[in-house]
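# Structural overview
These are the residues of each chain, in order.
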Amino acid sequence: MRLRVVMMLAVMMTATWSAEAGDFEVDEDFMHEVEDTSKSLTNHLALNNKTASNDDVLRLIGMFSKVESYYTLKGDSDEQLGLAQKSHELTKEIKFLVDAGDFEHAGQKATVLARTCKSCHDL
Ligand code: HEC
């Protein structure tokens, strides 16, 4: 009897913990932020604006890092997880190119990123 209570408590604590670990959600508001930042990045890359591009891409890296953890925790879609990882990688590559002042290639990567957004939405 007492063991069952202890076990129930343990289960409840685990449930609470995972709810907290998965606190972040990929929802509409978040995705609108992703969209705004991604558009802003495309504009700043076209203007060869290093400081502004760097700000945007750092924000995107943070966002896609969250998206990647979200789908890793969720664990129910390899396709979405794959595209989240791909987007995260692309944002890091864009950051590298911006640091190097290579706006042309950074812009090309940004186009690939935009296609990756579409692939995920088309799933
Ligand atoms: C790993 C998958 C994935 C990737 C990659 C992704 N999205 Fe999304 N996106 C979603 C999901 C899931 C929704 C639906 C969210 C909801 O409505 O709850 C969504 C919804 C949206 C919406 C619509 C929000 C609304 O009004 O309903 C926009 C805009 C958006 N994403 C922009 C982007 C942009 C821009 C990118 C790329 C820079 C991107 N997304 C990359 C999964 C993804």
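Look up a bit, the structure's there.
Residues numbered from 1 in each chain as written. Predicted model: local features only at pLDDT ≥ 70, side-chain atom pairs only at ≥ 80, totals over all residues.

### Remarks on the site of the ligand
- As a matter of local geometry, the ligand sits amid 18 residues, with M31, E35, A84, C117 and C120 nearest to it.
- Elements supplying a minimum of two residues to the shell around the ligand: helix 2 (28-46), helix 4 (78-99) and helix 5 (103-121).
- Of the residues forming the shell around the ligand, the biggest block, six residues, is contributed by helix 2.
- Taken together, the residues of the shell around the ligand break down into nine nonpolar, six polar and three charged. (Near = placed C-beta within 6 Å. Helix = DSSP H or I, 4+ residues; strand = E, 2+ residues; numbered from the N terminus. Nonpolar A, V, L, I, M, F, W, Y, C, P; charged D, E, K, R; others polar.)

### Points about helix 4
- Here helix 4 contains 22 residues, and its C-alpha end-to-end distance of 32 Å stays within 8% of the 32 Å for a straight helix at 1.5 Å per residue.
- Listed as buried for helix 4 are L83, A84, S87, H88, L90, T91, I94, L97 and V98.
- Buried residues along helix 4 sit against helix 3 (50-74) and helix 5. (Expected span 1.5 Å × (residues − 1). Buried ≥ 20, exposed ≤ 12 C-beta atoms within 10 Å, placed from the backbone. Contact = placed C-beta atoms within 7 Å.)

### Overview of unusual backbone geometry
- Positive phi, normally seen in glycine, also occurs at N48, with a value near 55°.
- By secondary structure assignment, the location of N48 is in the loop between helix 2 and helix 3.
- For N48, a count of 14 C-beta atoms within 10 Å gives the class partly exposed.

### Regarding the nonpolar core
- Judged by nonpolar contacts, the single largest core of 17 residues is most densely connected at I94, A106 and A110.
- Discounting residues that sit within four places of it in the chain, A106 has contacts with L45, I94, L97 and V98. (Core = buried A, V, L, I, M, F, W, Y, C linked by C-beta atoms within 7 Å.)

### Thoughts on the environment of V26
- You can see V26 is positioned in the loop between helix 1 (2-21) and helix 2.
- Using a count of 16 C-beta atoms within 10 Å as the deciding quantity, one classes V26 as partly exposed.
- A sequence separation of 44 residues divides V26 from Y70, and the C-alpha atoms of the two residues are 7.5 Å apart.
- If sequence neighbours within four positions are ignored, V26 has contacts with M31, V67 and Y70.

The values reported here are purely geometric and, on their own, carry no functional implication.
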